[in-house]
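Take a look at the letters that make up each chain.
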Amino acid sequence: MADSSDVKGFYNKFSDEVLLEDFRRVNLRQEAIKELCDRYVPSGGRVLEIGCGVGIIAGHLRHVVGGYLGVDISERNVEIAREYVQDSRFEFKVLDVIEQSSELGFYGLFDVVILPDVIEHIPKDRYEDLFAVIEQHLEEPGVVLFTFPSPEYHDYLKANDPSALQVVDETVED
């Protein structure tokens, strides 16, 4: 299993090699996540995005949210997101939400927590901790949006294109 520095290093490189492409081309998974956000993020709502990447979803939410905190383990992702979304209602922070969850307390509760294609990149033995963090920082009633690749797609990658898998890449069952 990869340690924290391996994961951070992977995603710092991944930003430049993969994620920046989403500014230049249509990513159908990102488009589907945007549609979910349009459906479930209330006007003026407060959003926590765990694994905010380079800010693609944050940029999409500019027209609707009242407050936004995007966290990512990658310094490079956060740097790019800050450049892309320059709005006083938006804050981006380098943060491991499980290991540094106490830092979220400064931001109050959120109406929506979004994990866009992120849960599969968290080790399964940490899910209980992750869910506890989400529950602690989610307003009642609140909404949690999870997206993740299907188990079949994940199995396909393992068998046919293992180089496309990330440093931590779990199969998530529905």
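Quick note: structure is the one above.
First, a word on scope: everything that follows refers to the structure included in this document. (Residues numbered from 1 in each chain as written. Predicted model: local features only at pLDDT ≥ 70, side-chain atom pairs only at ≥ 80, totals over all residues. Heavy atoms only, no water.)

1. Here we look at the overall build of the protein
Point 1. Helix and strand counts for the protein come out as 6 helices and 5 strands.
Point 2. Reading the secondary structure of the protein in the N-to-C direction produces α-α-β-α-β-α-β-β-α-β-α.
Point 3. The C-alpha atoms of the protein give a radius of gyration of 15 Å, which matches the 16 Å a tight globule of 174 residues would have.
Point 4. Seen through its C-alpha atoms, the protein measures out along the principal axes to roughly 45 × 35 × 30 Å. (Helix = DSSP H or I, 4+ residues; strand = E, 2+ residues; numbered from the N terminus. Rg over C-alpha atoms; globule rule 2.2 N^0.38 Å.)

2. Let's talk about the environment of Y84
Point 1. On the secondary structure map, Y84 appears in helix 4 (residues 75-84).
Point 2. For Y84, a relative accessible area of 33% translates into the label partly exposed.
Point 3. Distance in space between the C-alpha atoms of Y84 and V54 is 7.8 Å, their sequence separation being 30 residues. (Buried < 20%, exposed > 50% of the residue type's maximum accessible area, 1.4 Å probe, protein only.)

3. Thoughts on helix 6 (residues 151-160)
Point 1. Among the residues of helix 6, those classed as buried are P151, H154 and L157. Seen along its axis, helix 6 keeps its buried residues to an arc of 120°; they face one direction. Residues of helix 6 that are exposed and angled more than 90 degrees away from the buried face: E152 and A159. (Arc of directions from axis to C-beta.)

4. Remarks on the nonpolar core
It is characteristic of soluble globular proteins that their nonpolar side chains tend to be buried jointly.
Point 1. In this structure, L48, I50, V71, V97, L104 and L130 are the most contacted members of the largest nonpolar core, which totals 20 residues.
Point 2. Contributing elements (two or more residues each) for this core: strand 1 (46-50), strand 2 (67-72), strand 4 (110-116) and helix 5 (127-137).
Point 3. Element by element, the count of residues in this core is highest for helix 5, at 4 residues.
Point 4. V71 has contacts with L48, E49, I50, G51, C52, K93, L95, V97 and L104, leaving out every residue within four places of it along the chain.
Point 5. Judged by nonpolar contacts, the second largest core, of 19 residues, contains V64, F90, V112 and I114. (Core = buried A, V, L, I, M, F, W, Y, C linked by side-chain atoms within 4.5 Å. Contact = heavy atoms within 4.5 Å.)

5. Some points on the side chain of S74
Point 1. Structurally, the position occupied by S74 is in the loop between strand 2 and helix 4.
Point 2. By relative accessible area, which is 0% here, S74 ends up buried.
Point 3. Within the structure, the side chain of S74 is placed 3.0 Å from the backbone nitrogen of N77, a separation counted as a polar contact. (Polar contact = N/O pair within 3.5 Å; in protein donor to acceptor, adjacent residues only side chain to side chain.)

6. Here we look at the sheet that holds strand 2
Strand-to-strand pairing in sheets goes through backbone hydrogen bonds, with the strands running parallel or antiparallel.
Point 1. Taken together, the 5 strands give an open sheet; going across it, the order is 3-2-1-4-5, and neighbouring strands pair in parallel fashion. At either end of the open sheet lies a strand with only one pairing partner, and these are strand 3 (90-94) and strand 5 (138-147). The sheet shows a mean angle of 15° between the axes of neighbouring strands, direction not considered.
Point 2. Bridge count between strand 4 and strand 5: 6 bridges; the pairing is parallel. Bridge pairing links V113 to V144 in strand 5. (Pairing = 2+ DSSP bridges. Axes fitted to C-alpha atoms, helices over the stretch in contact; angles between N-to-C directions.)

7. Here's the deal with the packing of aromatic side chains
Point 1. Inspection of every chain in the model, using the stated rule, returns 4 aromatic pairs.
Point 2. Between the aromatic rings of Y127 and F131, the centroid separation amounts to 5.9 Å while the plane-to-plane angle is 45°, which identifies the pairing as tilted. Taken together, the residues Y127 and F131, both in helix 5 and 4 residues apart, mark about one turn of the helix.
Point 3. Look at F131 and you get partly exposed, because its relative accessible area is 39%.
Point 4. Following the ring pairs from residue to residue traces out a cluster consisting of Y68, F90 and F92.
Point 5. In this structure, R46 packs its charged tip against the face of F110, placed 4.8 Å from the ring centre.
Point 6. One Lys or Arg, R62, reaches over the ring of Y84 and ends 5.2 Å from the middle of that ring. (Phe/Tyr/Trp six-rings, centres within 6.5 Å; stacked < 30°, edge-to-face > 60°. Lys NZ or Arg CZ within 6 Å of the ring centre and 35° of its normal.)

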